[in-house]
Amino acid sequence: MVPQEPLVDTPHLRIREEQGYVVLEFHGEIDIVAAMEILPHIDARVTGQAPRVLIDLSAIEFFDCSGLRLLYRARARTLEREGELRLVCVHPLTLRVLRATGLSKLLPPAPSVETALGKPGETL
C-alpha cells in the first residue's frame, strides 16, 4: 500500500482515507483541549448519507471523559446518517474506561486498523 498524505494533520488528530473509510487517528493526550481541536473535524467528516468512519486510538497516551464525548458524538452522528463507525483501541486504561461506561458494547474495539477494516459488512 502506498502511504497517503493525511487530509488533516494536527497535534492531536491525523485524518486519512483507507479502504473507503475516513480514518480519524487520535494522538497524545485526549483531554478537553484536544477535544475542542478534534470536534470540528469529526463533525466535518461525519456528514452526508452513510458515512464510513474509523476512529483509531492506538496512538493515544491519555483519554478522559472529553474523549468519551467525542466517541459518543461521532457514533450518534454516524448512526443518524445510517453510516458505519468502527473503533481501534489497545490502550489498557482506555479499554477499561470503554468497558466501565458500556461504550465497548456500542463500539467494540478492534486491536488494529487492519483488523477493523478486515470485517466488511459488519457494523460495529
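Not measured: the values here are computed from a predicted model.

Here we look at the side chain of Asp43
Checked against the element boundaries, Asp43 lands in helix H1 (residues 32-45). In this view, Asp43 contacts Arg73 and Arg77; residues no more than four positions away in its chain are not counted.

Overview of the pattern of salt bridges
What the rule picks out here adds up to seven salt bridges. Across the salt bridge formed by Arg14 and Glu25, the nearest N and O atoms sit 3.7 Å from each other. Remark: Glu25 occurs in strand S3 (residues 21-30) and Arg14 occurs in strand S2 (residues 13-18); sequence separation between them is eleven residues. Residue Glu25 is classed as buried on the basis of its relative accessible area of 11%. Between Asp43 and Arg77 there is a salt bridge, with its nearest N and O atoms 3.3 Å apart. Here Asp43, found in helix H1, pairs with Arg77, found in helix H2 (residues 65-80); they are 34 residues apart in sequence, far enough to count as distant.

A look at the environment of Thr115
For Thr115, the location among the structural elements is in helix H5 (residues 113-117). Between the C-alpha atoms of Thr115 and Val88, which are 27 residues apart in sequence, the distance is 8.6 Å.

Concerning the packing of H1 against H2
The description of two helices packed together rests on the angle between their axes and the distance between the axes. Packing of H1 against H2 leaves a shortest axis separation of 9 Å and a crossing angle of 10°. By the criterion of interaxial angle, the relationship of H1 to H2 is roughly parallel. Between H1, through Ile32, Ala35, Ile38, Leu39, Ile42 and Asp43, and H2, the contact on the second element is made entirely by Ser66, Leu70, Arg73, Ala74 and Arg77.

The rules we used
Residues numbered from 1 in each chain as written. Predicted model: local features only at pLDDT ≥ 70, side-chain atom pairs only at ≥ 80, totals over all residues. Heavy atoms only, no water. Helix = DSSP H or I, 4+ residues; strand = E, 2+ residues; numbered from the N terminus. Contact = heavy atoms within 4.5 Å. Salt bridge = Lys/Arg side-chain N within 4 Å of Asp/Glu carboxyl O. Buried < 20%, exposed > 50% of the residue type's maximum accessible area, 1.4 Å probe, protein only. Axes fitted to C-alpha atoms, helices over the stretch in contact; angles between N-to-C directions. Parallel < 35°, antiparallel > 145°, perpendicular 65-115°, else oblique.

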